[in-house]
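These are the residues of each chain, in order.
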Amino acid sequence: MTDLPAAAGGAALVFAATNIDDIVVLTVLFVAARAAGRPRPWHIVAGQYLGIGALVAAAVVVAAGLLVVPDPWTGLLGLLPIGLGVRTLLAHADSDEPPAVVGGLLGVAGVTIANGSDNIAVYVPVFRSLDPATGLVWLLVFAALVALWCATAALLGGHPRVVRLVGRAGHWLVPTVFIGIGVVILVSSGVLTQLADLAG
């Protein structure tokens, strides 16, 4: 029999530990939505659900032994936020307006997947050990926490101090955050070491 409080607590802990950096990304997206009108708030929420859903689905498939994820090659997904950030920096070099780094639902989902590629390494052994009932509890908790993450980021993205900061430095701060996230993904995944070994 599933211990619901223990399952829910474990799910919440794992979700928070693996998605704390998403608060930063989501906040930046909500500020951009307020300033530039893109992406729309519903794009951000739906894109976050789509991205997290894709990560969890991939983890479940890998946990079931149906697919092998070539680790650390998933770290190459870090190139996506780097590319978005560089493109936005170059396109808005002379603008004082906070740029919209991501324009729509699929862009938000892509950044979520890239930013969470390392989550799969955590999720796979967890989902492998769960019975179906406990797994369902985990999925429900994850879904609820995505909503909480989006609501928190929307509040932060509307806070006057955050809005003022992004208003003053948004033309370089927003894309720089995305570039930084991409660099962290590349470095922490070990893919750069793998590429260096191949080159050597």
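Please read all numbers here as calculations on a predicted model, not as lab measurements. (Residues numbered from 1 in each chain as written. Predicted model: local features only at pLDDT ≥ 70, side-chain atom pairs only at ≥ 80, totals over all residues. Heavy atoms only, no water.)

### Observations concerning the overall build of the protein chain
(1) Moving on: A count of helical and extended segments in the protein chain gives 8 helices and 0 strands.
(2) Moving on: For the protein chain, the succession of helices and strands along the chain, N to C, is α-α-α-α-α-α-α-α.
(3) Moving on: Counting across all 200 residues of the protein chain, residues that qualify as buried make up 42%.
(4) Moving on: A separation of at least 24 residues holds for 86% of the contacts in the protein chain among residues at least 6 apart in sequence.
(5) Moving on: When the accessible surface of the protein chain is summed, it comes to about 10000 Å², and 71% of that surface belongs to carbon and sulfur atoms. (Helix = DSSP H or I, 4+ residues; strand = E, 2+ residues; numbered from the N terminus. Buried < 20%, exposed > 50% of the residue type's maximum accessible area, 1.4 Å probe, protein only. Contact = heavy atoms within 4.5 Å. Areas by Shrake-Rupley, 256 points an atom, 1.4 Å probe, with all protein chains shown as cover.)

### Digging into helix α5 (residues 119-129)
(1) Moving on: Here α5 has its buried residues at N119, I120, Y123, V124, V126 and F127.
(2) Moving on: Turning to α5, the residues buried within the fold contact α1 (4-36), α2 (41-63) and α6 (132-157).

### Section: the nonpolar core
(1) Moving on: In this structure, W138 and F142 are the most contacted members of the largest nonpolar core, which totals 39 residues.
(2) Moving on: Breaking this core down by element, the ones donating at least two residues are α1, α2, α4 (105-115), α5, α6 and α7 (160-189). (Core = buried A, V, L, I, M, F, W, Y, C linked by side-chain atoms within 4.5 Å.)

### Concerning α1
(1) Moving on: The largest bend in α1 is about 55°, located at N19.
(2) Moving on: Taken from the residues just after α1, G37 is the one with a positive phi, measuring 80°. (Bend = angle between axes of the 7 residues up to and from the residue.)

### Thoughts on the confidence of the model for the protein chain
(1) Moving on: Overall, the prediction assigns the protein chain a mean pLDDT of 81, with 84% of residues at 70 or greater.
(2) Moving on: α7 is the least confidently modelled element of the protein chain, averaging 73 in pLDDT, while α6 averages 92, the highest of any element. (pLDDT = per-residue confidence, 0-100.)

### Topic: the packing of α2 against α5
(1) Moving on: The contact between α2 and α5 brings their axes to 8 Å, and the two run at 50°. Comparing the axis directions of α2 and α5 gives the class oblique. Once α2 is placed against α5, the crossing between them reads as right-handed. Touching L55, V56, A58, A59, V60, V62 and A63 of α2 are N119, I120, Y123, V124, F127 and R128, all from α5. (Axes fitted to C-alpha atoms, helices over the stretch in contact; angles between N-to-C directions. Parallel < 35°, antiparallel > 145°, perpendicular 65-115°, else oblique. Left-handed = near helix turned anticlockwise from the far one by under 90°.)

### Some thoughts on the environment of T88
(1) Moving on: With respect to the helices and strands, T88 occurs in helix α3 (residues 79-91).
(2) Moving on: Here T88 falls in the buried class, since its relative accessible area comes to 2%.
(3) Moving on: Sequence separation of T88 and F178 is 90 residues, and the distance between their C-alpha atoms is 9.8 Å.

### Structural notes on the environment of A143
(1) Moving on: Along the polypeptide, A143 turns up in helix α6.
(2) Moving on: Sequence separation of A143 and I52 is 91 residues, and the distance between their C-alpha atoms is 8.8 Å.

### Digging into the packing of aromatic side chains
(1) Moving on: A complete count under the given rule lists 7 aromatic pairs for this structure.
(2) Moving on: A ring pair is formed by F15 and F142, whose centres lie 5.2 Å apart and whose planes are at 65°; its orientation type is edge-to-face. Of this pair, F15 sits in helix α1 while F142 sits in helix α6; the two residues are 127 residues apart in sequence, bridging distant segments of the chain.
(3) Moving on: What links up through ring pairs into an aromatic cluster is the set F15, Y123, F127, W138, F142 and W149. (Phe/Tyr/Trp six-rings, centres within 6.5 Å; stacked < 30°, edge-to-face > 60°.)

### A closer look at a nonpolar patch on the surface
(1) Moving on: On the surface, L76, L79, V183, V187, L192, L195 and L198 cluster together to form a nonpolar patch covering roughly 610 Å² of accessible area.
(2) Moving on: Here the element with the most residues in the nonpolar patch is helix α8 (residues 191-199); it accounts for 3 residues.
(3) Moving on: You can see L195 is positioned in helix α8. (Patch = residues over 30% accessible without salt bridge, like charges linked within 9 Å, V, L, I, M, F, W, Y side chains within 5 Å. Salt bridge = Lys/Arg side-chain N within 4 Å of Asp/Glu carboxyl O.)

### Quick notes on the side chain of T112
(1) Moving on: Relative to the elements of secondary structure, T112 occurs in helix α4.
(2) Moving on: Take T112: its relative accessible area is 4%, and that puts it in the buried class.
(3) Moving on: At 2.9 Å, the side chain of T112 forms a polar contact with the backbone oxygen of V108. (Polar contact = N/O pair within 3.5 Å; in protein donor to acceptor, adjacent residues only side chain to side chain.)

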